[in-house]
Amino acid sequence: MAFLKNRTSVLIIGGLIILALIGLFSSFMANPAGFIQKIALMAVIGFVIFFVVRKFSNSSPQKKEQRAFLKAAKQSKKRLQQKNGDSQMKSSSLGPISNLKKHKTKRKSNAHLTVIDGKKGKKKNRASL
């Protein structure tokens with residue numbers, strides 16, 4: 001039954017497309033200049049609508065998040081390239097040791113870690129369970 005419904009919808013849509021093509025062809029044959037003018041006008045209106053919709057849809061939160069993600073990705077990539085570039089320069093240049101000491105300084109981590117003391121010395125009495 002589903003196949004029959006699908007076939008009828010294909011036939012209806014196909015018939016509409018054929019009728020539209022016949023109408024376009026007859027309109028082109030009757031007045032070619034007017035036909036081209038109408039097509040050009042429809043294309044211009046379509047582009048205007050497209051750009052207006054695109055302009056207003058750019059302010060959606062998803063687009064802002066996407067832009068922020070792309071910006072962060074660029075910064076990360078740039079930082080990685082700089083890091084790789086610095087290490088390549090260190091290994092390739094045989095300059096004085098003082099230059100290497102300047103680049104070797106490590107930054108301290110800002111992570112504030114706490115140690116949680118557990119009861120490791122005391123074992124469970126598994127026989128009572």
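The residue numbering used here restarts from 1 in each chain and proceeds along that chain's sequence as written. Confidence filtering applies because this is a predicted model: local features only for residues at pLDDT of at least 70, side-chain atom pairs given and counted only at 80 or more, and all residues used for totals across whole chains, interfaces and linings. Remark: hydrogens and water are excluded; side-chain values derive from all non-hydrogen atoms of the structure.

This next bit is on the overall build of the protein. Under the scheme used here, helices are H or I runs from DSSP no shorter than 4 residues and strands are E runs no shorter than 2 residues, and both carry numbers assigned from the N terminus. The secondary structure content of the protein amounts to four helices and zero strands. Along the protein, helices and strands appear, N-terminal first, in the series α-α-α-α. Three labels apply to residues, based on accessible area from a 1.4 Å probe with only protein chains included: buried if under 20% of the type maximum, exposed if over 50%, partly exposed otherwise in between. For the protein, with 129 residues in total, the buried portion stands at 2%.

Each pair of aromatic rings taken from Phe, Tyr and Trp, with Trp reduced to its six-membered ring, is defined by centres within 6.5 Å and is described as stacked if the planes are under 30 degrees apart, edge-to-face if over 60, and tilted in the remaining cases. Under the definition given, this model contains two aromatic pairs. With a centroid separation of 5.4 Å and an interplanar angle of 75°, the aromatic rings of Phe28 and Phe35 are classed as edge-to-face. The class for Phe35 is buried, based on a relative accessible area of 17%. Ring centres 5.3 Å apart and planes at 70° place the aromatic pair Phe50 and Phe51 in the edge-to-face group.

Turning to a nonpolar patch on the surface, a few remarks are in order. Taken together, the side chains of Ile13, Ile17, Leu21, Leu24, Ile39 and Met42 define a hydrophobic patch exposed on the protein surface, amounting to about 580 Å² of accessible area. When residues of the nonpolar patch are traced back to their parent elements, those giving at least two are helix 1 (2-30) and helix 2 (32-57). Position of Ile13 relative to the elements: it lies in helix 1. Patches in this entry comprise residues that are over 30% relatively accessible and not in a salt bridge; like charges within 9 Å are linked, as are nonpolar side chains (Val, Leu, Ile, Met, Phe, Trp, Tyr) within 5 Å. Residue exposure ignores everything except the shown protein chains as possible cover, and the areas themselves are Shrake-Rupley values with a 1.4 Å probe. Each salt bridge in this description consists of a side-chain nitrogen of Lys or Arg and a carboxyl oxygen of Asp or Glu lying within 4 Å of one another.

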